[in-house]
Amino acid sequence: MLRDDLTSGWASPFPRRVLADGQLMQLHPLSELDHPLILKAAESIGTDPSEDSDEGRIRGSTLLHLREIKISQWRGGVWCDPKTGVSWLVVAGLAKNNHKAFDDFYVEIERAEAAGSTSDWLPSNEDLRLLKQETSARLLTEWELSVQRDMLGTLRTVAGGGSARLVVSHPLAAKGILAELTIEVTPVRDSDYEADEIQLTVETEAQFKGSDLEWQLTLRALISLSPPEQGWDRLESEFTNIADPGAWQRRVQLLETITASGELAQSQPGQQAHYTHTKHLAGSTIEGTGVRALCGAFFVPRQDHESLPSCPQCTEQLDKIPA
């Protein structure tokens, strides 16, 4: 349907080009593509049938039960898989010339009905694979949002000082607890030094240590508290940072706004190029995992380091290494 029915009428050249190249993964999630018919279908049909606002059944389609979507000149047919309950926008087109044009949406449905070929519109194995990938990505995003909400609640209780623990469940509930996080904020008010120091401790369950999910949780926690993540110092499972007095209360306010809108806090690029050991550096860059710099900073090597000034602490440590 994306390739055959929507491509020619798409205003944006990017989806047309990507579809022509067969790079569907670049368009995910497909249900949120900026096409009026796709957006209308997603808006009209949801998880509760009593709240659906489609146009009813397409009478010309008897071999395949299709529900009609209309917006402007666009028309679409949605099929619900009786086995899974998943709704698919399977056919689309334009209403043309009072339904007399050869390529009118309804005329094409009648032609397919007469030929008995409407089953060709049903989801293919590729469609099912893409749905599985999108579902996994959505579940992970929802899990990250829940972690962020929990981080917000925990930070709110300790922003002025104190310690609190947070239990994080695995995205798949049956797998139980993934890790326990401890956030501790220590206000320092000396005559010549004032700061609010923070420490995040990640205690991961043994079976998940070293997993990609552990790293994803760590990143989400650090970004929720204070991006960029390379601004944190790391000692094994402990991450520390320092901010001006009141910084964590201000972070609570910002995080409240972001979380209320259903958005994930975003990482920020670092301001310095760090030196680190070359072992596993390429893999860390590709996989997005963290490495420890010579200065002790913890960061993900994904920026163009040549455009950044060198970290003076890293440079000092590098000079001490025997040639």
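Residues numbered from 1 in each chain as written. Predicted model: local features only at pLDDT ≥ 70, side-chain atom pairs only at ≥ 80, totals over all residues. Heavy atoms only, no water.

## Considering the environment of Ser61
Quick note on the threshold: Working definition: helices are DSSP H or I runs of at least four residues, strands are E runs of at least two. Numbering for both runs from the N terminus. Burial classification: accessible surface area is computed with a 1.4 Å probe over protein chains only, and a residue below 20% of its type maximum counts as buried, one above 50% as exposed, and the rest as partly exposed. For this analysis, residues touch if any pair of their heavy atoms sits within 4.5 Å. Two N or O atoms form a polar contact when they lie within 3.5 Å of each other; inside protein one atom must be a possible hydrogen donor and the other a possible acceptor, and for residues adjacent in sequence the pair counts only when both atoms belong to side chains.
Secondary-structure assignment places Ser61 in the loop between helix H3 (36–44) and strand E1 (67–71). The exposure class assigned to Ser61 is buried, which follows from its relative accessible area of 1%. When the C-alpha atoms of Ser61 and Ala112 are compared, they prove to be 8.9 Å apart, with 51 residues separating the residues in sequence. Among residues more than four places away in sequence, those in contact with Ser61 are Leu66, Ile109 and Glu113. Polar side-chain contacts of Ser61 include one of 2.5 Å to the backbone oxygen of Leu64.

## Some points on the packing of aromatic side chains
Threshold: Here a pair means two rings of Phe, Tyr or Trp (six-membered ring of Trp) with centres within 6.5 Å. Their orientation is stacked below 30 degrees between planes, edge-to-face above 60, and tilted elsewhere. In our convention, an over-ring charge means Lys NZ or Arg CZ found within 6 Å of a ring centre and within 35 degrees of that ring's normal.
Going through the model one piece at a time under the given rule, you end up with one aromatic pair. Ring geometry for Phe105 and Tyr106: centres 5.1 Å apart, planes at 80°, overall edge-to-face. For the pair formed by Phe105 and Tyr106, the shared burial category is buried. Between Arg111 and the ring centre of Phe102, over which it is positioned, the NZ or CZ distance is 3.9 Å.

## Here we look at the layout of surface pockets
It is the rolling of a water-molecule-sized probe over the atoms that shows where space remains empty. What counts is decided by this rule: Here a cavity denotes grid points, spaced 1 Å and computed from the protein atoms alone, that fit a 1.4 Å probe unable to get out, and a pocket denotes an open set having protein on both sides within 12 Å along at least 5 of 7 lines; residues with an atom within 4 Å of a point are the lining. Grid points are joined across faces, edges and corners, and a volume is the space filled by probe spheres set on the points. Residue classes follow a fixed rule: Ala, Val, Leu, Ile, Met, Phe, Trp, Tyr, Cys and Pro count as nonpolar, while Asp, Glu, Lys and Arg count as charged, and any other residue, Gly among them, counts as polar.
Roughly 1,600 Å³ of volume is contained in the largest pocket. Lining the largest pocket are 42 residues, and of these Leu30, Ser31, Ser87, Trp88 and Leu89 lie nearest its centre. Counting only elements with at least two residues in the lining of the largest pocket, the list comes to helix H1 (2–6), H3, strand E2 (74–80), strand E3 (87–94) and helix H5 (125–158). No other element matches H5, which puts nine residues into the lining of the largest pocket. Partitioning the lining of the largest pocket into residue classes produces 22 nonpolar, nine polar and 11 charged.

## Quick word on the pattern of salt bridges
Any two side chains of opposite charge can pair, so long as their charged atoms come close to each other. This is how the line gets drawn: Here, a salt bridge means any side-chain nitrogen of Lys or Arg that lies within 4 Å of a carboxyl oxygen of Asp or Glu.
All told, the structure shown has 11 salt bridges when counted by the stated rule. Arg165 is the partner of Glu203 in a salt bridge, and the nearest nitrogen-oxygen pair spans 3.1 Å. In this pair, Glu203 is assigned in strand E6 (residues 193–204) and Arg165 in strand E4 (residues 162–169), connecting sequence segments 38 residues apart. Linking Arg189 and Asp196 is a salt bridge whose minimum nitrogen-to-oxygen distance equals 2.9 Å. Owing to a relative accessible area of 2%, Asp196 belongs among the buried residues under this scheme. One connected set of salt bridges, linked through shared partners, spans Asp52, Asp54 and Arg67.

## A closer look at the nonpolar core
What counts is decided by this rule: Think of a nonpolar core as a cluster: buried Ala, Val, Leu, Ile, Met, Phe, Trp, Tyr and Cys residues, connected wherever their side-chain atoms sit within 4.5 Å.
Met151, Leu181, Ile198, Leu200, Leu217 and Leu225 are the most contacted members of the largest nonpolar core, which has 34 residues in total. Of all the elements in the fold, those that place two or more residues in this core are H5, E4, strand E5 (177–190), E6, helix H6 (212–225), strand E8 (238–243) and helix H7 (247–260). Ignoring anything within four residues of it in the chain, the contact list for Leu217 reads Trp143, Val147, Val168, Leu178, Ala179 and Leu181. Core analysis: the next-biggest nonpolar cluster, separate from the first, contains 14 residues, Leu30, Ile38, Ala41 and Val78 among them.

## Considering the side chain of Arg75
Test applied: Here the positive residues are Lys and Arg and the negative ones are Asp and Glu; neither His nor the chain ends is included.
The residue Arg75 is located in strand E2 in this model. Notably, Arg75 is buried but unbridged: the nearest opposite-charge side chain belongs to Glu68, and the N-O separation is 4.2 Å. Only 2.8 Å separates the side chain of Arg75 from the backbone oxygen of Ser72, close enough to count as a polar contact. Dropping the residues within four chain positions of it, Arg75 is found in contact with Leu37, Glu68, Ile69, Lys70, Val91, Ala92, Gly93, Ala95, Phe105 and Tyr106.

## Considering the sheet that holds E6
The condition that has to hold: A pair of strands is considered paired only if DSSP assigns at least 2 bridges between the two. Note on geometry: axes are lines fitted to C-alpha atoms, helical ones only across the stretch in contact, with angles between N-to-C directions running from 0 to 180 degrees.
The strand order E4-E5-E6-E8-E7 describes an open sheet built from five strands, whose pairing is antiparallel. Lying at the two open borders of the sheet, with one neighbouring strand each, are E4 and strand E7 (233–235). Mean inter-strand twist for the sheet, computed between neighbouring axes without regard to direction, equals 20°. Bridge analysis of E5 against E6 gives 12 bridges, and the strand direction is antiparallel. Along E6, the bridge assignment pairs Arg189 with Glu194.

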